[in-house]
Structures are given as structure tokens and as C-alpha cells.
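This is what each chain is made of:
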Amino acid sequence: MRRLPKLSAVAIAAAVLVSVPAWASAGTSAPASTASASSPPAPAGTLATGSGGAVASMDSGASQAGIDALKKGGNAVDAAVATASALGVTIPFVAGPGGGGFMVIYLARKHEVITVDGRENCPAACTSAMFIDPKTGKPYDYMYASNQPLATGTPSMVATWATALQRFGNKSLAADLQPAIGLARKGFKTNADFRQLTQWDLPQLQEYPASHWLLDSSGNPLPVGTLLRNPDLAHTYEMLAAHGPSYLYDGPLGQAIVQADDHPVTTPGSSVIPGIMTMNDLRSYQTYVRPPTHVSYRGLDMYSMAPPSSSGTTVGEALNILSGYNLSSEPRAEALFHYLEASRLSYADRNAYVGDPRYESVPVAGLLSPQFAATRRCQIGSTAGSSPVAPGNPYPPYADCTAAANQTPAPEGGHTNNIVTADSAGDIVAYTNTVNFFGGSGQTVPGYGFLLNNEMTDFDFAPPTAGASDPNLPAAGKQPRSSMGPVIAFKNGKPVFTVGAAGGSTIPETILQTIVNHVDFGQSLADALAAPRVAQTNSATSEAEPDFYNSSLASQLTKQYNEQFTMATGSVLPLDYYPGDATALQVLGPDRYQAIAEPVRLGGGSAMTVRP
């Protein structure tokens, strides 16, 4: 846990926000010409200001579940669990009992930040060669491996909910599951986002008869507007409410998960690689309450998720690098060049050093050291680096300007969700969770109404070169590296905003760019989140959304700095803009919040407050 400095009443009053960022008084806001003064209004339901607590998520039904939990006496942790469990109903492709995730929590009464590590484990039968094709001796194709039961890790979502509620919640798991149970029994109407997610995962869903509840009678995506009920998931949640997490980790649900994973039932003619999970893998699973990462940036304290998440160290290192530039006074193209290059370097270090800290010695202190960041900043010249750039050496004494061997970035599953919640007492939760790549493995646990994850493909399938060190190879019981990891920002010891995102390996970039837009470029948090995105993950090109790719800034970055871009839209989903969607929350004062959801990406999200 990270306990924050105690504040006097005067300091608390001074930290209250009205309509300008709290750090504006420190002189770090951008000139007026860089702010987004004429942005269009946010679509209805994606921006909410009020009191009594707040929730933002991908879906209105899920956000309402969180609001209902707050109205019934729950705190921000209860709201996060209620929202996440409801997302398992309305967007089963991104959430549900078959996945896992990370929570960053601010406890206002104790004035401390803690995190809950709910990452999935690799089963005990995992080996470093599990994703090597025995027929060829080469790694499996990433997309092929992602669709196999072999890629399913020990589901950890329910354990995360139980740990968070037992340690920090006001209500019980049974109470917080009630909104999702009602939603699953009553049903909801599918939208265009639901249909496009089904379309993307269609071959996998068709492969498993148990997943055909997501399809029409002809095996195609459900029409938009279909009333979809999920009595199997309602029953699953009722059993978890009655019996607690042991129903999964040492009971009938766990047995069904192991059976589905190890002996998958597929449609005739299908062939998949069975899983390797046992009941002992479920019985031995545990979550971890860990201290957050921390860096200071422009007078703000940024807290995020430690390894096996890579977001806290990657965003933190990039912010440390960028602290050496006055981005707010630079021409926008120059500032964005520095943003891209800081990202390129921090991702090189992410790939080289971050893994499960129970198995790897992860140099967190070095990666977050301003002195180490200085050795990386000096790598940035007047033109774009050539990726993959080499990682640095995050071990003191820090060299002047050195780099180690090249590290090639590995793929990572893309579809995730981020939830932000707050309560009237000032507690805040930022919770990123997932079943991974667009419906996980595509396999529904028969009779239980949820999809299993395919998170183990977040491991590297093989070292970057033969014999090279790689902290992210699979092993028995190991957690794969993740990019999930939201940020809570503080000014003078009081929370001012939080932001988290989906988007696989681009998650740290979405968070970083939103912070830079808000803190350095002076945009409102809503405008910062909505702005066109570009992600540089130590790759040959930066992945840019259409509005960025087609902008004059992109042309200037290419001509002046040799930055190269690939347009992201259409490469993942036909209606989707990636890097991924995000949610955020601004603290406007004591028990006064602005909840912010995506205005457009994936059809837009949902933001609500208890008392608008």
C-alpha cells in the first residue's frame, strides 16, 4: 500500500477543482492556442457531472448496475464489482467470470492507494515451449494460438471481486451481483457494437456449440435490437452469491471450467488444441494486494499498477522522459515527436524487463528512476528512432547514454474494458479487466453462460533471439505480462483524475496520450480522452486513428521528424477505431465528479452519477 501525506483542511480546500485543472496554478497548463476550446458537445450519456458517486464504463446497463450498488450503500469498490459483473452480461466478449484484471483503488478515509493484482495464472503444466508447434519447431501463429483452449489461463475475475470486497468493500459479493443477475434474467437489446464483436469472433463462436447462444438460428450474428437473455449466467451469479468464490475455485463451476478447457466440445470437423488446466490450478489461485507504482509529473503524483502489469512502469518511464521537455510551449508537432520517441524507448524497456515479479527480477525502481529516464532522453535526437530500438540499462549507477540489445515487441490481445467508479466519501476505483482478444478463446463454459479467456497468448512464444533473456516466457503458475493498468493522479495529496483504457499493448499509450493532452496541452479531460490517438510501441510505424493519420500534424511529423504511421481503423474491427477505448473521471470537489466515457469508439460508452 502507498499511504499519502496527511492533509490539513486548508490543503484539502485548496485542492478542490472548479473548472480548471488543479495544476493550472503551478503554471503548467498550455497556452490557449493548444487547448480544445471549440470541441463539439459529448454525445448523450457519455459525460455526466454530479454527486453521490459516479461510474463510467463501456455500457449503460453496466454503468447503471454500478450506480444501483452506490444507491444501496455500496462504495466505489462495490460499484466496480457490480459494473464488471454486469458487463459480463451485456458485453460478454470483454468481461465476465472467465477473465481477470487489475484494480487501482484510492481509499479516502485511510488516504492511501492500493492495487489488486487479479491477473490469470498459467496452469501448472505450462512450459516455456507450450506455444511452439511440435511439427515445425517454430512458434504457433499468434491468431491461431489465440483461438485454442491451450491459451486459457486460470480464471481470476471472481477471486479479484472477492478479495477487493472483503478487504475494501461495504457490501457482500452476493449483494453486488444482484444487478447483473437481474439484467441477465430480464435481458438487454443488442447494439451495433455487440454485432460487430460477434462478427469478428464468429468462426470461434461457431466452433463451439455451447457458444451458439450468441448467434441466431443460422449461426450468424444476432440482428441489432435482439432481446438477449442469459439465464445460464444468471444462475452462475446466483450460485456465486450463495456459495462464494469456492463455487468456482473448489466446486462445480471449477469442474465445469476444467472439463470445457481440457475436453472441449466442438462442432463436427473442428480441431483445437485442448487446454491443460486442473482443479489444483483453480484451488491454488490467489490474488495479490500490491503497492502501486509512483512517479511525479508537472506537480502531479501518478499512481498505477506494478508488474506483472507493464502500464505503471511504461507510462511512468515515458512521463519521466517527457518531464525534460516543456511540451506546453513547444510547437505541437515537436511535442508529439517527443511523446512518440519517449513511448518508443519506454516500450523497449517494457519488452526487455517486465514480467511476473514472482518469477523475474523486475527493476521497477530503475525503470521509474528520473536518473534512468535521463539516460533514455539523451537517445532522442532530431528524427525518429529506428525500431526496434535497444532497451536501456535500468540498474544503477546509470550510464550517461547507453543501450543494450534489441528487443522485438510481442503481440498482445486487444479487447479489454476499463471501469471508473467513485463514491460520496471520496473513494475511487479504476479497474481494467478482460477475457482478452475479442471473446477470449470463443468457448462458453457449457451451462454457465460465459466465455473463457485466452490470456496466455500474452506470453512471448519464444525469446527474441535464440538463447536471449526474455522475462515473459510461459512457466508453471506464472502470470503473463499485461498492459492493463489505469492511473490515478493526485495534486497536493488529493485525487484530481483517473484514466484507464482498453487496447492490448496500446493501453499505456492511450493513458499516456490522454495525460499529455490534459496536463500539457490544456485540454479538458473529456476532450483529452476523445482526441485522435496515435501509439508508438517500439514498432517500425506508429498506429494512428484515421483523424490523426489524415491530419496535417501527421504529415508534418513525417516530413520534419521521419515518423511513420499506419492507419489503425479496419485492422481489428470494421467499425472500430483503435488504439482502444477508455474511461476517465475528474474530481471536481468533495463528492462532486465528472464521469467520462468514450464518445464514439466502439459505439460510445456510458457515464452516470448518482445525483446528476
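Residues numbered from 1 in each chain as written. Predicted model: local features only at pLDDT ≥ 70, side-chain atom pairs only at ≥ 80, totals over all residues. Heavy atoms only, no water.

Engineer: What is the right way to read the overall build of the protein from this model?
Structural biologist: Scanning the protein for helices and strands turns up 21 helices and 19 strands. Counting over 612 residues, the protein shows a buried share of 63%. Taking the intrachain contacts of the protein between residues at least 6 apart in sequence as the baseline, contacts between residues at least 24 apart amount to 73%. With the model as given, the accessible surface of the protein reaches about 20,400 Å², and the carbon-plus-sulfur share is 53%. (Helix = DSSP H or I, 4+ residues; strand = E, 2+ residues; numbered from the N terminus. Buried < 20%, exposed > 50% of the residue type's maximum accessible area, 1.4 Å probe, protein only. Contact = heavy atoms within 4.5 Å. Areas by Shrake-Rupley, 256 points an atom, 1.4 Å probe, with all protein chains shown as cover.)

Engineer: Please explain the pattern of salt bridges as it appears in this structure.
Structural biologist: Close approach of charged atoms allows side chains of opposite charge to pair. A full pass over the atoms with the stated rule returns 18 salt bridges. Where aspartate 117 meets arginine 290, a salt bridge forms, and the shortest distance between an N and an O atom there is 2.9 Å. Of this pair, aspartate 117 sits in strand E4 (residues 112-118) while arginine 290 sits in strand E7 (residues 288-290); the two residues are 173 residues apart in sequence, bridging distant segments of the chain. A salt bridge links arginine 481 to aspartate 460, with the nearest nitrogen and oxygen atoms 3.6 Å apart. With a gap of 21 residues between them, arginine 481 in the loop between strand E11 (428-434) and strand E12 (487-491) and aspartate 460 in the loop between E11 and E12 connect regions that are remote in the sequence. Here arginine 481 matches aspartate 460 in class, with each residue buried. Put simply, Arg119, Glu120, Glu455 and Asp458 are held in one network by salt bridges that share partners. (Salt bridge = Lys/Arg side-chain N within 4 Å of Asp/Glu carboxyl O.)

Engineer: When you look at the side chain of arginine 377 in this model, what are you seeing that I'm missing?
Structural biologist: As for its placement among the helices and strands, arginine 377 is situated in helix H17 (residues 370-377). Despite being buried, arginine 377 has no salt bridge partner; glutamate 330 is the closest side chain of opposite charge, sitting 9.5 Å away. Among the polar contacts listed, one links the side chain of arginine 377 to the backbone oxygen of asparagine 320, at a separation of 2.9 Å. Look past the residues within four positions of arginine 377 in its chain and what remains in contact with it is Asn320, Ile321, Ser323, Gly324 and Tyr325. (Lys, Arg positive; Asp, Glu negative; His and termini not counted. Polar contact = N/O pair within 3.5 Å; in protein donor to acceptor, adjacent residues only side chain to side chain.)

Engineer: Help me out: how do you make sense of the sheet that holds strand E15 (residues 542-544) in this one?
Structural biologist: Reading across from one edge, E14-E15-E16 is the order of the three strands in this open sheet, with mixed pairing throughout. The strands lining the two open edges of the sheet, one partner per strand, are strand E14 (534-535) and strand E16 (565-567). Direction of pairing for E15 relative to E16: parallel, over a ladder of three bridges. Note on E16: the bridge partner recorded for glutamate 543 is threonine 566. (Pairing = 2+ DSSP bridges.)

Engineer: Sorry if this is basic, but what is going on with the nonpolar core here?
Structural biologist: For soluble globular proteins, the rule of thumb is that nonpolar side chains tend to be buried together. Of all hydrophobic cores here, the largest spans 82 residues; its most connected members are Met103, Ile105, Phe131, Trp161, Tyr237 and Tyr431. Here this core takes eight residues from helix H3 (residues 76-90), the largest share from any one element. (Core = buried A, V, L, I, M, F, W, Y, C linked by side-chain atoms within 4.5 Å.)

Engineer: Explanation requested: the environment of phenylalanine 337 in the structure shown.
Structural biologist: Summarising the element assignment, phenylalanine 337 is placed in helix H15 (residues 332-353). Residues phenylalanine 337 and glutamine 556, spaced 219 residues apart in sequence, show a C-alpha to C-alpha distance of 10.0 Å. Filtering out sequence-adjacent residues up to four positions away, phenylalanine 337 remains in contact with Ile380, Gly381, Ser382, Thr383, Ala384, Leu557, Tyr561 and Glu563.

Engineer: What is the right way to look at unusual backbone geometry in this model?
Structural biologist: Leaving glycine out, the prevailing phi sign among residues is negative, and the prevailing peptide bond configuration is trans. Residues serine 387 and proline 388 are joined by a peptide bond in cis, for which omega reads 5°. Here proline 388 lies in the loop between H17 and strand E10 (417-423). With an omega of 0°, the peptide bond running from proline 396 to proline 397 counts as cis. Examined against the element boundaries, proline 397 turns out to sit in the loop between H17 and E10. One non-glycine residue, histidine 111, lies in positive phi territory at about 55°. Residue histidine 111 is classed as buried on the basis of its relative accessible area, which comes to 7%. The phi torsion at asparagine 562 lies on the positive side, around 60°, for a residue other than glycine. Assignment of secondary structure puts asparagine 562 in the loop between helix H21 (552-561) and E16.

Engineer: Could you clarify how one ought to interpret the packing of aromatic side chains in this entry?
Structural biologist: The description of an aromatic ring pair uses the distance of the two centres, along with the angle that the planes make with each other. Enumeration according to the criterion identifies 13 aromatic pairs in this entry. Aromatic side chains phenylalanine 372 and tyrosine 398 sit 6.1 Å apart centroid to centroid with 45° between the ring planes, which places their arrangement in the tilted category. One end of the pair, phenylalanine 372, is in helix H17; the other, tyrosine 398, is in the loop between H17 and E10, with 26 residues separating them in the sequence. Looking at tyrosine 398, the relative accessible area reads 25%, which means it is partly exposed. Directly above the ring of tyrosine 288 sits arginine 290, whose terminal nitrogen or CZ lies 4.8 Å from the centroid. Geometry around phenylalanine 521 places arginine 332 over its ring, the cationic atom sitting 3.8 Å from the centre. (Phe/Tyr/Trp six-rings, centres within 6.5 Å; stacked < 30°, edge-to-face > 60°. Lys NZ or Arg CZ within 6 Å of the ring centre and 35° of its normal.)

Engineer: Help me understand the state of the cysteines, please; the structure alone is not making it clear to me.
Structural biologist: Disulfide: a covalent bond formed between the sulfur atoms of two cysteine residues. Here the structure, examined in full by the defined rule, presents one disulfide. In this model, cysteine 122 is linked to cysteine 126 through a disulfide, with the two sulfur atoms separated by 2.0 Å. Disulfide cysteine 122-cysteine 126: torsion about the S-S bond near -85°, hence left-handed. (Disulfide = S-S within 2.5 Å.)

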